Amino acid sequence: MRLKQVSLSAAISVVAGLTTATVGLTGPAAWADGTAPLPLSHYAHMVADPAHQHLFFSQGAGSTGILVTDLSGTPVTTITDEQGATGLALSADGSTLYAALADGDAVAAVDTATLTESARYATGTGSAPVSVAVAGGKVWYGYETADGKGAIGSVDASGTVSTPALSHWSVPPLLAAGGGVLAAEEPLQNLSHVATFDVSTGTATAKADTDVFGGTATGFRVTGDGATVLLAAVQQPALEVYRTSDLMRANPAPYYTGAVGPASLAIDTDGTIASASTAGLYLYAGSTLTENHVTLPSGTTVAPDGLTWAGDGTTLYAVTEDSAGAYTLDVLGAAKLSDTTLTLDPPQYAVPTQRFTFTGALATRGFLPAGAALQVTRDGEPLPDTTVGADGTFAVSDTRADAGTYTYQVSYAGDATHRPATAELKVYVARLSTTVAATEIDSANPHSVVIKGTLTPELGFGSFPQGTTIDVSRIDEDTQETVQLPSVTVDPVTHGFTVTDAPEAAGWFTYRLSYAGDVTHEPSADDASLTVSAYSPALTLKAPATATRAAALSFTGKLGDGPYPAGETVTVSRTDAAHTTAPATWTAPVAADGSVTVEDTPAVGGANTYTVSYPGDAAHRAATASALVQVSRARSTVTVTTDKATYAYDATATVTAHLGTTYNGRTVSVYATPAGGKKTLLKTGTVDSKGNLKTTYKPTRNTVYTASFAGDYRYAPATATHSAATQVKIAEKLGSYYTSTTYGGVTYRVYHHTVQPQVVGTVTPDKSGQCMKFQAQEYYSGAWHTIGTSSCFSMAPGSTGVTHLSLTHAVNQRFRVRTEYVHSAKDTSNADTWGGWLYLTVRN
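Right, let's walk through the structure included here. Because the structure is predicted, anything quoted here is derived from the model rather than measured.

Below, the discussion takes up the environment of Val668. Here Val668 is to be found in strand 55 (residues 667-674). By relative accessible area, which is 0% here, Val668 ends up buried. Along the backbone, Val668 and Lys558 are 110 residues apart, and their C-alpha atoms lie at a distance of 43 Å. Apart from the residues lying within four places of it in its own chain, the contact partners of Val668 are Ala657, Leu659, Lys683, Thr684, Gly685, Val687, Leu693, Ala707 and Ser708.

What follows is the structure, given as structure tokens:
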């Protein structure tokens with residue numbers, strides 16, 4: 001038995017008195033110039049026939065017709081009886097549409113003028129052709145051989161069908177042609193098997209055959225000159241390009257598609273490349289430099305192989321799919337025009353009578369239109385044009401005699417390859433506001449008041465002339481007496497100034513600082529209030545960081561601004577685990593120089609906080625300082641275990657925490673931290689007489705269990721961890737059977753011998769992209785025997801893996817199959833898990 005993998009279906013804030021801007025930008029191009037819903041249940045391929053003004057849409061296996069619309073997407077007709085039409089291709093003269101009929105085992109020829117089938121070429125029973133290409137006077141198709149592999153066939157002008165041996169293919173290859181070269185591709189996980197052939201004479205001659213970066217190609221094209229082949233696959237982060245001569249990477253290669261795998265591509269006759277991914281549509285012309293990038297509407301994706309050019313040199317067609325699975329034709333009439341953006345940056349400031357300059361930049365994808373003229377207006381009145389520099393920048397200068405708001409508009413008219421753009425800037429012309437501020441008080445006692453301040457223009461713009469002064473007055477808030485003090489000079493470099501005064505009295509004073517303004521600066525003022533009062537001494541403590549419990553300790557302190565009168569004391573209080581709300585207190589004497597000695601014998605371990613407080617006297621304010629001393633505690637032990645090393649998904653784990661010897665604390669907390677999740681408290685409680693605390697938890701991922709003891713008066717905190725693995729939950733089912741039977745009480749699904757049984761495995765939690773394996777066994781000689789174990793399947797979105805079983809000599813035989821989740825190095829959240837057996841048998 002063989003296992004075969006199956007792919008699954010700027011705005012700037014306004015500051016008073018400064019120039020500010022509201023910049024209007026020309027946004028990116030709209031996604032489509034016109035749209036039309038498509039009456040499709042599925043989508044496979046699209047071909048444009050500009051000569052007859054038609055578009056053809058195939059829907060793949062399971063469909064019965066080819067939809068025909070006009071070039072705006074309005075349905076014209078459906079060509080019926082085209083079973084499973086998938087790949088489409090036009091003849092060189094555009095008179096015939098060829099369709100690979102996956103359900104009809106044939107290649108159909110449709111007259112593009114009458115929209116009726118003109119011929120059908122049988123390709124063999126079970127051949128199920130999926131792709132077609134026209135080159136060298138023949139129609140080439142990719143099909144399935146009788147042994148389930150892939151091959152390439154051809155139909156010549158006389159209708160003769162031949163199947164030359166063109167490389168070896170495990171599945172029907174995807175075909176593309178151009179410039180007398182035929183290219184074929186099949187997926188190999190993150191690679192593609194690609195071969196190229198010279199078919200210019202009608203006979204295929206091998207050129208190159210190798211594996212390249214690819215995957216499941218959803219876009220495959222050969223350039224018109226036959227020199228390169230382009231491959232779009234969602235497994236790759238960019239559009240890959242290879243030489244057809246040797247399948248080495250071409251230059252340029254690859255094409256960026258937003259760091260997301262491209263799902264579609266199309267090449268116009270002028271060489272312009274369009275490629276779409278979930279990051280949007282990218283246009284390239286002659287290099288890997290993106291000429292244009294158009295983002296997709298929200299909730300919309302371009303269908304795989306959903307792009308084609310109209311042949312008129314401008315129009316691009318895209319088939320898009322929304323989140324509900326509905327298809328739409330999007331007509332992009334100006335996809336090749338590059339977006340252009342104008343941005344304007346305001347001047348630093350604009351004041352009356354002084355010249356100011358604002359700058360801007362013109363940006364576009366591709367080449368900048370250097371030297372292009374930009375039209376400039378102020379409040380609708382034209383100003384001299386400005387010119388785009390080589391780097392895209394430009395500048396506009398102006399002078400206004402009066403304060404006010406002025407609106408400037410800069411416009412770019414566009415050209416044959418660039419869209420037009422316009423931007424607007426509001427410039428506020430006004431005197432710069434200023435700020436006087438007392439920034440620092442160096443001293444404030446009756447014999448010396450020193451205030452430092454600054455005079456600052458708004459946002460630091462502009463400068464002050466030499467000799468600028470600040471007027472100063474002092475107001476006694478108790479008597480309301482005002483004294484005018486000498487003006488102080490502003491430093492023109494630092495903008496700083498210093499006020500000195502000797503009020504000769506204690507009290508509450510306000511110093512008023514005033515700036516009169518000048519031609520370009522507005523006036524401003526500030527009040528600095530301060531109190532001249534008794535000294536505020538600093539109290540510093542020099543206590544040890546650690547100490548031994550039940551042993552004497554001593555540390556010192558010092559009050560500044562001495563001397564101190566005899567008989568003064570400080571109050572000492574100690575807060576520890578036993579004295580949280582009512583600290584232990586006592587007093588200690590203060591020496592004349594302000595020195596203090598604190599003595600104690602701590603009885604409780606852990607954090608002991610000593611607070612020393614001085615109540616103050618006639619010359620000094622009160623002062624307080626604290627010191628933290630960590631008092632030693634004995635080591636405590638805690639462990640945590642589980643009743644099993646590995647648990648089934650959502651099973652119940654019993655977690656046991658054990659606490660060793662302690663003094664007056666027997667409380668333990670138990671936590672669970674699942675892989676990739678948050679730490680969660682399971683239980684907090686007092687351990688039993690054996691020192692144990694039990695709790696339960698239902699794990700869904702590998703989990704780390706933690707037991708934590710917070711410590712007590714004499715024993716230190718402790719923490720322990722323990723890890724236990726958790727399996728995933730696997731749901732399995734068989735599909736495509738026609739009845740059921742039982743053997744020995746076991747239910748078997750019954751399959752017709754022509755059917756490949758489908759096996760579906762679904763893993764919980766979501767493991768999309770992770771590994772799933774399938775194992776099959778056959779029952780003979782009284783026992784089950786393993787006949788095949790697959791390699792890793794990358795699970796699809798939804799955490800699902802699907803396979804089909806190819807059974808040989810299987811009639812009346814019994815089989816069983818199961819799935820296994822195999823975790824990767826990147827996924828450590830769950831352990832490897834086998835699913836249960838599913839049983840099946842085969843009958844004629």
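Continuing now.
Moving on, we come to the pattern of salt bridges. It is possible for side chains bearing opposite charge to pair when their charged atoms get close. Evaluated as defined, the whole model comprises 15 salt bridges. The partner of Arg378 in a salt bridge is Asp398, and the shortest N-O contact between them spans 2.8 Å. In this pair, Arg378 sits in strand 32 (residues 373-378) while Asp398 sits in strand 34 (residues 393-398), placing the two residues 20 residues apart along the sequence. Judged by its relative accessible area of 14%, Arg378 is buried. Two residues, Lys767 and Asp827, come together in a salt bridge whose shortest N-O distance is 3.0 Å. Placement of Lys767 in the loop between strand 63 (758-764) and strand 64 (771-780) and of Asp827 in the loop between strand 68 (814-822) and strand 69 (833-834) is noted, with a sequence separation of 60 residues between them. Across the pair, exposure class does not vary: Lys767 and Asp827 are buried alike. Through salt bridges with shared partners, a single network forms among Glu82, Glu117 and Arg120.

Within the secondary structure, Glu778 sits in strand 64. Lacking a salt bridge, the buried Glu778 has Arg814 as its closest oppositely charged neighbour, with an N-O distance of 9.3 Å.

Here the focus is the environment of Ser626. Here Ser626 lies in strand 51 (residues 623-631). For the pair Ser626 and Leu541, spaced 85 residues apart in sequence, the C-alpha to C-alpha distance is 7.3 Å. Of note is the side chain of Ser626, whose polar atom sits 3.1 Å from the side chain of Thr611.

Cut-offs used in this document
- Residues numbered from 1 in each chain as written.
- Predicted model: local features only at pLDDT ≥ 70, side-chain atom pairs only at ≥ 80, totals over all residues.
- Heavy atoms only, no water.
- Helix = DSSP H or I, 4+ residues; strand = E, 2+ residues; numbered from the N terminus.
- Buried < 20%, exposed > 50% of the residue type's maximum accessible area, 1.4 Å probe, protein only.
- Contact = heavy atoms within 4.5 Å.
- Salt bridge = Lys/Arg side-chain N within 4 Å of Asp/Glu carboxyl O.
- Lys, Arg positive; Asp, Glu negative; His and termini not counted.
- Polar contact = N/O pair within 3.5 Å; in protein donor to acceptor, adjacent residues only side chain to side chain.

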